[in-house]
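Listed below are the residues making up each chain.
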Amino acid sequence: MSLWQTPPLGASPSVQADVFISPVNLTANGPPHLGHIGGPYLRMDVLARHLKRLGHFVTSALTTDQFENHIEAQALKAGVERAEFARGNDAKIRKGLTALGIIYDVFPNTGDLHVSAMFSNTAQVLTRSLDSKQSYDINEEQLPVDDFFSRTASIEDRFCIGGWFGANCPSCGADAGSYFCEQCGAHFSPSEAASPLSRRGTIAEWLPSRSAFLKDGLDKKLRSLWTDMAIQPCYRQIAEAYLDKNGSKMRLTIPSTYGIGWDNVQFLDRQALFSYSSLLYAHSLFC
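Keep in mind that what you see is a predicted model, and the values were worked out from it rather than measured.

Participant: Account for the sheet that holds strand β12 (residues 261-262), with residues named and values stated.
Facilitator: Taken together, three strands build an open sheet; the order of strands is β11-β13-β12 and the sheet is antiparallel. Each of the sheet's edge strands pairs with one partner strand only, and the pair in question is β11 (253-255) and β12. In this structure, β11 lies alongside strand β13 (residues 271-273), joined through three bridges in antiparallel fashion. Bridge pairing in β13 places T253 opposite L273.

This is the structure we're talking about:
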């Protein structure tokens with residue numbers, strides 16, 4: 001029996017399924033807010049409770065992302081060391097979810113050294129699998145460099161990306177940053193954005209970097225899957241606009257001195273798993 005065709009509440013399922021539920025992980029750059037709760041976390045908690053009530057065997061799991069450079073940006077503003085800042089927000093996230101009765105069976109703290117080592121091993125298994133299947137391309141792009149650090153600093157730190165990057169969305173023109181627009185949902189590269197700026201200094205130049213991008217050729221399959229899942233049109237349009245422009249190519253790495261590294265001789269700098277794709281998937285595998 002498909003889990004999409006569950007019987008009415010209170011009825012026993014004809015087949016008891018093992019169900020694993022893991023919402024998108026939260027970045028440990030602040031406490032959870034109502035947008036988080038009203039989005040994936042309450043909905044997934046309702047789903048978990050519903051399936052448990054039906055008699056299915058449900059395990060729920062979550063982690064926080066303590067590797068994203070938005071943490072560094074916020075920690076600098078707060079005058080707190082990055083790891084300490086992330087650990088503090090991890091505790092606030094747990095407290096906030098628990099206060100609303102959203103409890104996870106598995107919630108490892110990736111800021112713990114032992115857990116972090118295990119998580120890194122899981123991520124390396126993922127990258128080796130992608131390496132063995134040649135599932136990605138190495139694409140060169142121009143990235144902004146600002147004047148916050150001296151020219152003797154590592155290029156990975158000097159790149160103005162992620163939490164340091166601001167711009168106007170190339171799709172709708174709204175204020176945006178990092179790689180996403182929160183107004184229209186568009187995903188873009190820094191070089192595509194209009195009116196780029198640094199949130200910690202002034203952009204001085206643009207230099208080349210090479211990152212990994214997933215290549216799966218699943219454009220048609222994705223569109224068919226979205227139809228089967230009855231994805232709401234407002235969300236589907238965002239994803240389809242991206243496919244129309246880029247195909248199913250998806251960023252897997254960014255240049256960074258922090259986070260889980262990915263070695264490849266074709267890279268020009270140290271590349272780390274991208275929080276919103278490969279690192280997110282590694283979190284799910286780890287849970």
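Participant: Account for the pattern of salt bridges, naming residues and giving values.
Facilitator: Two side chains bearing opposite charge may form a pair once their charged atoms approach each other closely. What the rule picks out here adds up to 13 salt bridges. Two residues, R200 and D146, come together in a salt bridge whose shortest N-O distance is 2.7 Å. Here D146 lies in strand β5 (residues 136-146) and R200 lies in the loop between β8 (194-198) and β9 (203-214), a separation of 54 residues in the sequence. The class for R200 is buried, based on a relative accessible area of 13%. Three or more residues joined by partner-sharing salt bridges are found here, namely R223, R236, E240 and D244.

Definitions and limits used
- Residues numbered from 1 in each chain as written.
- Predicted model: local features only at pLDDT ≥ 70, side-chain atom pairs only at ≥ 80, totals over all residues.
- Heavy atoms only, no water.
- Pairing = 2+ DSSP bridges.
- Helix = DSSP H or I, 4+ residues; strand = E, 2+ residues; numbered from the N terminus.
- Salt bridge = Lys/Arg side-chain N within 4 Å of Asp/Glu carboxyl O.
- Buried < 20%, exposed > 50% of the residue type's maximum accessible area, 1.4 Å probe, protein only.

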